[in-house]
Amino acid sequence: MEENELMEIKEEPLVPEEEFLWLAKKNKLVMTGNPACSGCGSVLALKIALQVLDNHLLVLSSGEVSGMIRYPASYITSPVVHAYNAAAAASAISADYPVMVYAGDGSTAEHIASVLRAAKNNENMLYICYNNSGYSSLGFSAEKRFARTIPAAYAATTAVSHMEDYVKKLKKASQMSGFRFIEVLTPCPQLWKFDPSNTIEISRIAIETAYWLLYEIVDEKLEITSRPQKIESIERFIQLQKRFFSSNVIENLKETINKNIKLLQKR
C-alpha cells in the first residue's frame with residue numbers, strides 16, 4: 001500500500017453504547033479494591049450491579065465473593081448483610097428495605113427451596129445469581145441453570161461480556177416490584193482453568209456458540225434478547241479452557257448446545 005493511500009484511511013469514530021454513557025454519567029464509586037483473583041467474572045458482575053442499582057441493601061450468600069467482602073476490609077460502599085441462606089435472610093428484611101441478593105449458582109442450588117418459596121410468595125427482592133459453574137464443585141455432575149425454572153415476576157439471563165444487555169435488565173428489574181431473578185454468566189479463571197485475560201472473551205464465545213442464551217421472561221413469555229449472527233464452533237470455547245477433561249463431558253456440552261440452538265430456532 002502506497003503512503004498516499006495510507007493517508008486517506010480514516011478511522012471510524014468509536015461511539016459508546018447508551019448504557020456505557022449512562023453508567024459513566026453516574027460516576028458512582030462502589031468498590032475501592034478487592035482481593036479477588038485477576039479476571040474474576042463474579043466480582044465484575046457485582047461491581048456493575050452496584051453501579052446500576054441505587055439504595056439497595058446487598059445480601060451476600062456465603063461463598064467466594066462473600067469471603068472477600070468482610071468488615072473491616074469490605075471494599076464496598078453499600079450496606080452489606082452476610083447470610084448462609086441469602087434468600088431466607090432477604091425474605092426477613094425485604095418488607096422494610098429494597099434488597100438485592102447476590103449469590104452463586106452453588107449457593108442458589110443448595111438453598112433452592114428458600115429461593116422458590118420467596119418467588120412463589122412474590123417477595124419484593126431482586127435476586128442475582130452469578131453462575132460460574134461453582135455448582136459442580138459441590139459434587140454435582142452437571143451444571144445448573146435456574147432462570148427458566150424460577151416462577152418470578154421477571155426472570156432473565158445475561159453475561160459479563162454483554163454489559164449493555166446486563167445493565168438494561170438490571171434497570172428493568174429495578175423498576176418492577178415482587179420477586180425478580182437475574183442469572184449472569186461469570187466465567188471463573190480458577191474453576192474454568194483459563195488465562196485471566198480471557199474472561200470477557202470466553203463469556204462472549206459462550207453466547208456465540210449457544211452454550212449460554214440471553215433471554216428474559218415476562219408474564220411467562222420467553223423472549224431471546226440477543227442472537228448470535230452466526231453460531232461459532234464449540235472447539236474454540238473448549239480450547240480456551242481446561243475444565244472439559246473427558247469425551248463424556250464434551251458430548252454433554254454439545255448436547256446442551258444443540259438443545260439451545262433448537263430453542264433459538266423456535267423463537
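Residues numbered from 1 in each chain as written. Predicted model: local features only at pLDDT ≥ 70, side-chain atom pairs only at ≥ 80, totals over all residues. Heavy atoms only, no water.

1. What to know about the sheet that holds strand β1 (residues 57–61)
The sheet built from 8 strands is open, its strands ordered β2-β1-β3-β4-β6-β5-β7-β8 with mixed pairing. Of all the strands in the sheet, just β2 (80–83) and β8 (221–226) have a single pairing partner and so form its edges. Strand-to-strand twist of the sheet, defined as the mean angle between neighbouring strand axes without regard to direction, takes the value 20°. Note: β1 against β2, 4 bridges, orientation parallel. Bridging from a neighbouring strand, Leu58 pairs with Val80 of β2. (Pairing = 2+ DSSP bridges. Helix = DSSP H or I, 4+ residues; strand = E, 2+ residues; numbered from the N terminus. Axes fitted to C-alpha atoms, helices over the stretch in contact; angles between N-to-C directions.)

2. Things to note about the packing of aromatic side chains
One pass over the structure, following the stated rule, counts 6 aromatic pairs. Both rings, one in Tyr102 and one in Tyr130, keep their centres 4.7 Å apart while their planes meet at 25°; by these two values the pair is stacked. Of this pair, Tyr102 sits in strand β3 (residues 99–104) while Tyr130 sits in strand β4 (residues 125–131), and the two are 28 residues apart along the sequence. For the pair Tyr102 and Tyr130, one class covers both residues: buried. Aromatic side chains Trp192 and Phe237 sit 6.5 Å apart centroid to centroid with 85° between the ring planes, which places their arrangement in the edge-to-face category. Taken together, the positions of Trp192 in helix α9 (residues 189–192) and Phe237 in helix α11 (residues 234–239) put the pair 45 residues apart, joining distant regions of the chain. No difference in accessibility class separates Trp192 from Phe237, as the two residues are buried. Members of the aromatic cluster, each reached through a chain of ring pairs, are Trp192, Phe194, Tyr211 and Phe237. In this arrangement the basic side chain of Arg145 is found over the ring face of Tyr211, its NZ or CZ atom lying 4.8 Å from the centre. (Phe/Tyr/Trp six-rings, centres within 6.5 Å; stacked < 30°, edge-to-face > 60°. Buried < 20%, exposed > 50% of the residue type's maximum accessible area, 1.4 Å probe, protein only. Lys NZ or Arg CZ within 6 Å of the ring centre and 35° of its normal.)

3. Things to note about the environment of Thr256
If you trace the backbone, Thr256 turns up in helix α12 (residues 247–266). The class for Thr256 is partly exposed, based on a relative accessible area of 30%. On a C-alpha basis, the gap between Thr256 and Tyr211 in space is 7.1 Å, while along the polypeptide they are 45 residues apart.

4. Quick notes on the environment of Ile48
Secondary-structure assignment places Ile48 in helix α3 (residues 41–52). Taking the C-alpha atoms as reference, Ile48 lies 8.5 Å from Tyr166; in sequence the two are 118 residues apart. Setting aside residues no more than four positions away along its own chain, Ile48 makes contact with Met163, Tyr166, Val167 and Leu170. (Contact = heavy atoms within 4.5 Å.)

5. Some thoughts on the pattern of salt bridges
Applying the stated criterion across every chain yields a total of 7 salt bridges. For Lys169, the salt bridge identified is with Asp165, shortest N-O distance 2.9 Å. Here Asp165 and Lys169 lie together in helix α8 (residues 163–174), a separation of 4 residues that amounts to about one turn. Note on Asp165: relative accessible area 14%, which makes it buried. For the salt bridge of Glu235 with Lys254, the shortest nitrogen-to-oxygen distance reads 3.7 Å. Separated by 19 residues along the polypeptide, Glu235 in helix α11 and Lys254 in helix α12 bring together distant segments of the chain. Classification of Glu235 by relative accessible area gives partly exposed; the value is 37%. For Lys254, a relative accessible area of 29% puts it in the partly exposed group. Within this structure, Glu201, Arg204 and Glu232 form a network of salt bridges that share partners. (Salt bridge = Lys/Arg side-chain N within 4 Å of Asp/Glu carboxyl O.)

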